Amino acid sequence: MRKIIVAIDGYSSCGKSTMAKALARYAGYKYVDTGAMYRAVALAAIRKGVITSDSIDEERLRGLVETIRIDFMIVDGVQHTCLDGEDVESLIRTLEVGNGASRVSTIGFVRRKLVEMQQRMGDEKGIVMDGRDIGTVVFPAAEMKVFVTARPEIRAKRRYDELKSKGQEMPYEEVLKDVEDRDYRDTHRAESPLRQADDAMLFDNSDMTIEEQFDALKKIFEKCLVG
Ligand code: DC
(Lines give C-alpha, C1' and ligand atoms only; values in the text may rest on other atoms or scores of the structure.)
Protein backbone atom coordinates (compact mmCIF):
# COMPACT_ATOMS: atom_id res chain seq x y z
CA MET A 1 0.00 0.00 0.00
CA ARG A 2 1.18 3.54 -0.71
CA LYS A 3 2.76 5.32 2.24
CA ILE A 4 2.28 9.00 2.90
CA ILE A 5 3.72 11.76 5.05
CA VAL A 6 1.42 13.18 7.70
CA ALA A 7 2.26 16.68 8.97
CA ILE A 8 0.53 17.80 12.16
CA ASP A 9 1.20 21.38 13.21
CA GLY A 10 -0.40 23.67 15.71
CA TYR A 11 -0.24 25.63 18.94
CA SER A 12 1.40 24.34 22.12
CA SER A 13 -0.67 22.12 24.42
CA CYS A 14 -3.44 21.48 21.93
CA GLY A 15 -3.02 17.71 21.99
CA LYS A 16 -1.10 17.44 18.73
CA SER A 17 1.18 14.71 19.98
CA THR A 18 -1.66 12.62 21.42
CA MET A 19 -3.41 12.79 18.05
CA ALA A 20 -0.23 12.17 16.07
CA LYS A 21 0.80 9.19 18.20
CA ALA A 22 -2.64 7.58 17.93
CA LEU A 23 -2.66 8.02 14.16
CA ALA A 24 0.87 6.61 13.81
CA ARG A 25 -0.15 3.54 15.81
CA TYR A 26 -3.28 3.07 13.70
CA ALA A 27 -1.39 3.46 10.42
CA GLY A 28 1.68 1.49 11.50
CA TYR A 29 3.78 4.58 10.78
CA LYS A 30 6.82 6.05 12.48
CA TYR A 31 6.05 8.93 14.85
CA VAL A 32 8.35 11.91 15.37
CA ASP A 33 7.77 14.59 18.00
CA THR A 34 9.84 17.51 16.70
CA GLY A 35 9.08 19.63 19.77
CA ALA A 36 11.02 17.02 21.76
CA MET A 37 14.03 17.68 19.52
CA TYR A 38 13.95 21.44 20.29
CA ARG A 39 13.50 20.56 23.96
CA ALA A 40 16.54 18.27 23.85
CA VAL A 41 18.64 21.10 22.39
CA ALA A 42 17.36 23.41 25.14
CA LEU A 43 18.17 20.88 27.87
CA ALA A 44 21.71 20.46 26.57
CA ALA A 45 22.11 24.25 26.41
CA ILE A 46 20.75 24.79 29.93
CA ARG A 47 23.01 22.11 31.35
CA LYS A 48 26.09 23.70 29.79
CA GLY A 49 25.08 27.22 30.81
CA VAL A 50 24.76 28.23 27.15
CA ILE A 51 21.32 29.64 27.82
CA THR A 52 20.40 31.34 31.05
CA SER A 53 17.17 33.08 32.04
CA ASP A 54 18.20 36.25 30.21
CA SER A 55 20.81 35.35 27.61
CA ILE A 56 21.86 32.90 24.91
CA ASP A 57 25.51 32.42 23.92
CA GLU A 58 24.93 31.84 20.21
CA GLU A 59 28.50 30.85 19.38
CA ARG A 60 28.55 28.07 21.96
CA LEU A 61 25.02 27.06 20.99
CA ARG A 62 26.16 26.65 17.39
CA GLY A 63 28.92 24.28 18.49
CA LEU A 64 26.53 22.38 20.71
CA VAL A 65 23.94 21.87 17.97
CA GLU A 66 26.61 20.52 15.64
CA THR A 67 27.82 17.93 18.12
CA ILE A 68 24.82 16.64 20.08
CA ARG A 69 23.00 13.49 19.06
CA ILE A 70 19.23 13.31 19.36
CA ASP A 71 17.31 10.13 18.76
CA PHE A 72 14.32 8.20 19.97
CA MET A 73 13.91 4.83 21.62
CA ILE A 74 10.87 2.83 22.66
CA VAL A 75 10.44 2.03 26.37
CA ASP A 76 7.43 -0.15 27.25
CA GLY A 77 5.76 0.85 23.99
CA VAL A 78 6.29 4.57 24.65
CA GLN A 79 8.64 6.77 22.63
CA HIS A 80 11.42 8.37 24.69
CA THR A 81 13.78 11.12 23.55
CA CYS A 82 17.51 10.51 23.95
CA LEU A 83 20.25 13.11 24.15
CA ASP A 84 23.71 11.72 23.44
CA GLY A 85 22.40 8.28 24.36
CA GLU A 86 20.78 9.36 27.66
CA ASP A 87 17.03 8.93 28.10
CA VAL A 88 15.90 12.52 28.85
CA GLU A 89 12.18 12.04 28.25
CA SER A 90 11.00 13.27 31.64
CA LEU A 91 13.70 15.96 31.96
CA ILE A 92 12.59 17.73 28.77
CA ARG A 93 8.93 17.98 29.83
CA THR A 94 9.33 20.79 32.41
CA LEU A 95 8.16 24.36 31.88
CA GLU A 96 11.77 25.59 32.13
CA VAL A 97 12.91 23.37 29.27
CA GLY A 98 9.74 24.17 27.29
CA ASN A 99 10.55 27.85 27.54
CA GLY A 100 14.16 27.21 26.59
CA ALA A 101 12.93 25.25 23.56
CA SER A 102 10.72 28.11 22.52
CA ARG A 103 13.72 30.45 22.72
CA VAL A 104 16.27 28.26 20.90
CA SER A 105 13.68 27.49 18.23
CA THR A 106 13.76 31.16 17.14
CA ILE A 107 17.41 30.78 16.04
CA GLY A 108 17.99 30.05 12.34
CA PHE A 109 20.96 27.68 12.60
CA VAL A 110 19.16 25.56 15.23
CA ARG A 111 16.12 25.25 12.97
CA ARG A 112 18.18 24.42 9.88
CA LYS A 113 20.01 21.62 11.68
CA LEU A 114 16.85 20.05 13.12
CA VAL A 115 14.87 20.45 9.87
CA GLU A 116 17.64 18.61 8.02
CA MET A 117 17.46 15.75 10.53
CA GLN A 118 13.66 15.67 10.28
CA GLN A 119 13.69 15.56 6.49
CA ARG A 120 16.05 12.58 6.58
CA MET A 121 13.65 10.77 8.94
CA GLY A 122 10.91 11.11 6.32
CA ASP A 123 12.97 9.75 3.41
CA GLU A 124 10.90 6.59 3.21
CA LYS A 125 7.54 8.19 4.01
CA GLY A 126 5.19 6.26 6.34
CA ILE A 127 5.72 8.90 9.00
CA VAL A 128 3.59 11.11 11.24
CA MET A 129 5.49 14.18 12.38
CA ASP A 130 4.19 16.87 14.68
CA GLY A 131 5.51 20.36 15.29
CA ARG A 132 5.12 23.95 14.15
CA ASP A 133 6.62 24.02 10.65
CA ILE A 134 6.15 20.50 9.35
CA GLY A 135 3.55 21.33 6.69
CA THR A 136 5.18 24.65 5.78
CA VAL A 137 8.95 23.98 5.88
CA VAL A 138 9.94 20.38 6.68
CA PHE A 139 7.51 18.61 4.32
CA PRO A 140 5.73 21.23 2.19
CA ALA A 141 4.60 18.41 -0.13
CA ALA A 142 3.17 16.20 2.64
CA GLU A 143 0.07 14.33 1.45
CA MET A 144 -1.80 15.06 4.68
CA LYS A 145 -1.56 18.33 6.60
CA VAL A 146 -3.53 19.19 9.70
CA PHE A 147 -3.30 22.41 11.70
CA VAL A 148 -4.51 21.86 15.25
CA THR A 149 -5.81 24.55 17.54
CA ALA A 150 -7.92 24.99 20.67
CA ARG A 151 -8.91 27.97 22.81
CA PRO A 152 -6.00 29.19 25.03
CA GLU A 153 -7.95 28.60 28.29
CA ILE A 154 -8.60 25.00 27.29
CA ARG A 155 -4.97 24.44 26.36
CA ALA A 156 -3.82 25.98 29.65
CA LYS A 157 -6.17 23.68 31.58
CA ARG A 158 -4.83 20.64 29.71
CA ARG A 159 -1.23 21.64 30.46
CA TYR A 160 -2.11 22.45 34.08
CA ASP A 161 -3.60 18.96 34.51
CA GLU A 162 -0.64 17.34 32.82
CA LEU A 163 1.90 19.17 35.01
CA LYS A 164 -0.13 18.35 38.12
CA SER A 165 -0.22 14.67 37.24
CA LYS A 166 3.58 14.78 37.10
CA GLY A 167 3.79 16.46 40.50
CA GLN A 168 4.72 19.87 39.03
CA GLU A 169 1.86 21.90 40.45
CA MET A 170 1.63 25.61 39.61
CA PRO A 171 -1.13 28.24 39.55
CA TYR A 172 -3.47 28.00 36.57
CA GLU A 173 -3.00 31.73 35.79
CA GLU A 174 0.73 31.20 35.44
CA VAL A 175 0.22 28.28 33.07
CA LEU A 176 -2.22 30.35 30.99
CA LYS A 177 0.30 33.20 30.80
CA ASP A 178 2.97 30.74 29.71
CA VAL A 179 0.68 29.36 26.97
CA GLU A 180 -0.07 32.89 25.73
CA ASP A 181 3.59 33.95 25.80
CA ARG A 182 4.58 30.86 23.88
CA ASP A 183 1.83 31.40 21.30
CA TYR A 184 3.13 34.92 20.78
CA ARG A 185 6.75 33.79 20.37
CA ASP A 186 5.85 30.86 18.11
CA THR A 187 3.75 33.03 15.76
CA HIS A 188 5.92 36.16 15.74
CA ARG A 189 9.43 34.82 15.32
CA ALA A 190 11.29 35.74 12.13
CA GLU A 191 12.37 32.14 11.37
CA SER A 192 9.54 29.83 10.27
CA PRO A 193 6.80 31.35 12.43
CA LEU A 194 3.90 29.07 13.28
CA ARG A 195 1.23 29.44 10.64
CA GLN A 196 -1.32 27.26 8.93
CA ALA A 197 -0.10 26.01 5.52
CA ASP A 198 -2.47 27.11 2.75
CA ASP A 199 -3.37 23.49 2.03
CA ALA A 200 -3.63 22.34 5.68
CA MET A 201 -6.92 21.37 7.24
CA LEU A 202 -7.85 23.44 10.31
CA PHE A 203 -8.73 21.21 13.27
CA ASP A 204 -10.15 22.92 16.38
CA ASN A 205 -10.41 20.32 19.13
CA SER A 206 -11.56 22.63 21.97
CA ASP A 207 -14.83 20.76 22.41
CA MET A 208 -13.85 17.30 21.25
CA THR A 209 -13.03 14.19 23.27
CA ILE A 210 -9.88 12.24 22.42
CA GLU A 211 -12.05 9.56 20.74
CA GLU A 212 -13.83 12.16 18.59
CA GLN A 213 -10.50 13.66 17.56
CA PHE A 214 -9.10 10.28 16.64
CA ASP A 215 -12.19 9.35 14.61
CA ALA A 216 -12.04 12.59 12.67
CA LEU A 217 -8.32 12.22 12.07
CA LYS A 218 -8.70 8.64 10.83
CA LYS A 219 -11.26 9.80 8.28
CA ILE A 220 -8.96 12.53 6.98
CA PHE A 221 -6.10 10.00 6.81
CA GLU A 222 -8.11 7.45 4.83
CA LYS A 223 -9.09 10.17 2.35
CA CYS A 224 -5.51 11.39 1.93
CA LEU A 225 -4.27 7.83 1.50
CA VAL A 226 -6.32 7.34 -1.65
CA GLY A 227 -5.29 10.82 -2.81
O1 DC B 1 5.49 21.12 21.05
P2 DC B 1 6.43 21.49 22.18
O3 DC B 1 5.79 22.32 23.27
O4 DC B 1 7.13 20.31 22.73
O5 DC B 1 7.55 22.44 21.50
C6 DC B 1 8.52 23.10 22.26
C7 DC B 1 8.94 24.37 21.54
O8 DC B 1 9.63 24.04 20.34
C9 DC B 1 7.79 25.29 21.12
O10 DC B 1 7.79 26.50 21.85
C11 DC B 1 8.02 25.63 19.68
C12 DC B 1 9.23 24.86 19.27
N13 DC B 1 9.00 24.04 18.07
C14 DC B 1 9.27 24.61 16.85
O15 DC B 1 9.62 25.79 16.78
N16 DC B 1 9.16 23.87 15.73
C17 DC B 1 8.77 22.60 15.78
N18 DC B 1 8.66 21.90 14.64
C19 DC B 1 8.44 22.01 17.03
C20 DC B 1 8.56 22.76 18.16
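Now for a look at the structure at hand. Computed from a predicted model, the values in this text were never measured in an experiment.

1. Brief notes about the pairing of strand 3 (residues 70-75)
Here is step 1: Examined bridge by bridge, strand 3 and strand 4 (residues 78-83) share six bridges and lie antiparallel to one another. When the bridges of strand 4 are listed, Met 73 appears paired with His 80.
Here is step 2: Counted along the chain from strand 3 to the antiparallel partner strand 4, the turn is two residues long, and its residue Asp 76 has a positive phi close to 50°.

2. So, the pattern of salt bridges
Here is step 1: Evaluated as defined, the whole model comprises 19 salt bridges.
Here is step 2: Between Arg 120 and Glu 116 there is a salt bridge; the shortest N-O distance is 3.7 Å. With Arg 120 and Glu 116 both in helix 5 (residues 108-121), this residue pair falls four residues apart, about one helical turn.
Here is step 3: Taking the relative accessible area as the measure of exposure, Glu 116 reaches 40% and is therefore partly exposed.
Here is step 4: The salt bridge involving Glu 162 is made with Lys 166; its shortest N-O contact spans 3.1 Å.
Here is step 5: Classification of Glu 162 as partly exposed rests on a relative accessible area of 40%.
Here is step 6: Exposure remark for Lys 166: the relative accessible area of 41% places this residue in the partly exposed category.
Here is step 7: Ionic contacts of the salt-bridge type, sharing partners, join the residues Asp 33, Glu 89 and Arg 93 into one network.

3. Some words on the site of the ligand
Here is step 1: With respect to spatial proximity, 14 residues lie near the ligand, and among them Arg 39, Arg 111, Arg 132, Asp 133 and Arg 189 are the closest.
Here is step 2: Taking Ser 105, its side chain carries an N or O atom lying 3.4 Å from an oxygen atom of the ligand.
Here is step 3: Between the ligand and Arg 111 there is a distance of 2.8 Å, counted from an oxygen atom to a side-chain nitrogen or oxygen.
Here is step 4: Protein burial of the ligand: of its 450 Å² of free accessible surface, 96% is covered by the chains.

4. Overview of the side chain of Asn 205
Here is step 1: Tracing the chain through its elements places Asn 205 in the loop between strand 8 (201-204) and helix 9 (210-226).
Here is step 2: Polar side-chain contacts of Asn 205 include one of 3.1 Å to the side chain of Gln 213.
Here is step 3: When sequence neighbours within four positions are dropped, the list of residues in contact with Asn 205 reads Cys 14, Met 19, Val 148, Thr 149, Ala 150, Arg 158 and Gln 213.

5. Comments concerning the packing of helix 2 (residues 34-47) against helix 5
Axes are the key here: two packed helices are described by the angle between their axes and the distance separating the axes.
Here is step 1: Packing of helix 2 against helix 5 brings their axes to within 11 Å, and their N-to-C directions diverge by 140°. The pairing of helix 2 with helix 5 is recorded here as oblique in orientation. Pair helix 2 / helix 5 crosses with right-handed handedness. Counted together, Thr 34, Met 37, Tyr 38 and Val 41 of helix 2 and Val 110, Arg 111, Leu 114, Val 115, Met 117, Gln 118 and Met 121 of helix 5 form the full contact between these two elements.
Here is step 2: Of the residues that constitute the contact of helix 2 with helix 5, the class distribution is eight nonpolar, two polar and one charged.

6. Brief notes about the pairing of strand 4
Here is step 1: Most of strand 4 sits out of view: five of its six residues are buried.
Here is step 2: By the bridge criterion, two bridges tie strand 4 to strand 5 (residues 86-87) in an arrangement that is antiparallel. Across the sheet, Leu 83 pairs through a bridge with Glu 86, a residue of strand 5.
Here is step 3: The turn joining strand 4 and strand 5, which pair antiparallel and follow one another in sequence, is formed by two residues; a positive phi near 45° is taken by Asp 84.

Calculation criteria
- Residues numbered from 1 in each chain as written.
- Predicted model: local features only at pLDDT ≥ 70, side-chain atom pairs only at ≥ 80, totals over all residues.
- Heavy atoms only, no water.
- Pairing = 2+ DSSP bridges.
- Helix = DSSP H or I, 4+ residues; strand = E, 2+ residues; numbered from the N terminus.
- Salt bridge = Lys/Arg side-chain N within 4 Å of Asp/Glu carboxyl O.
- Buried < 20%, exposed > 50% of the residue type's maximum accessible area, 1.4 Å probe, protein only.
- Near = heavy atom within 4 Å.
- Polar contact = N/O pair within 3.5 Å; in protein donor to acceptor, adjacent residues only side chain to side chain.
- Areas by Shrake-Rupley, 256 points an atom, 1.4 Å probe, with all protein chains shown as cover.
- Contact = heavy atoms within 4.5 Å.
- Axes fitted to C-alpha atoms, helices over the stretch in contact; angles between N-to-C directions.
- Parallel < 35°, antiparallel > 145°, perpendicular 65-115°, else oblique.
- Left-handed = near helix turned anticlockwise from the far one by under 90°.
- Nonpolar A, V, L, I, M, F, W, Y, C, P; charged D, E, K, R; others polar.

By themselves, these observations are geometric and do not establish any function.
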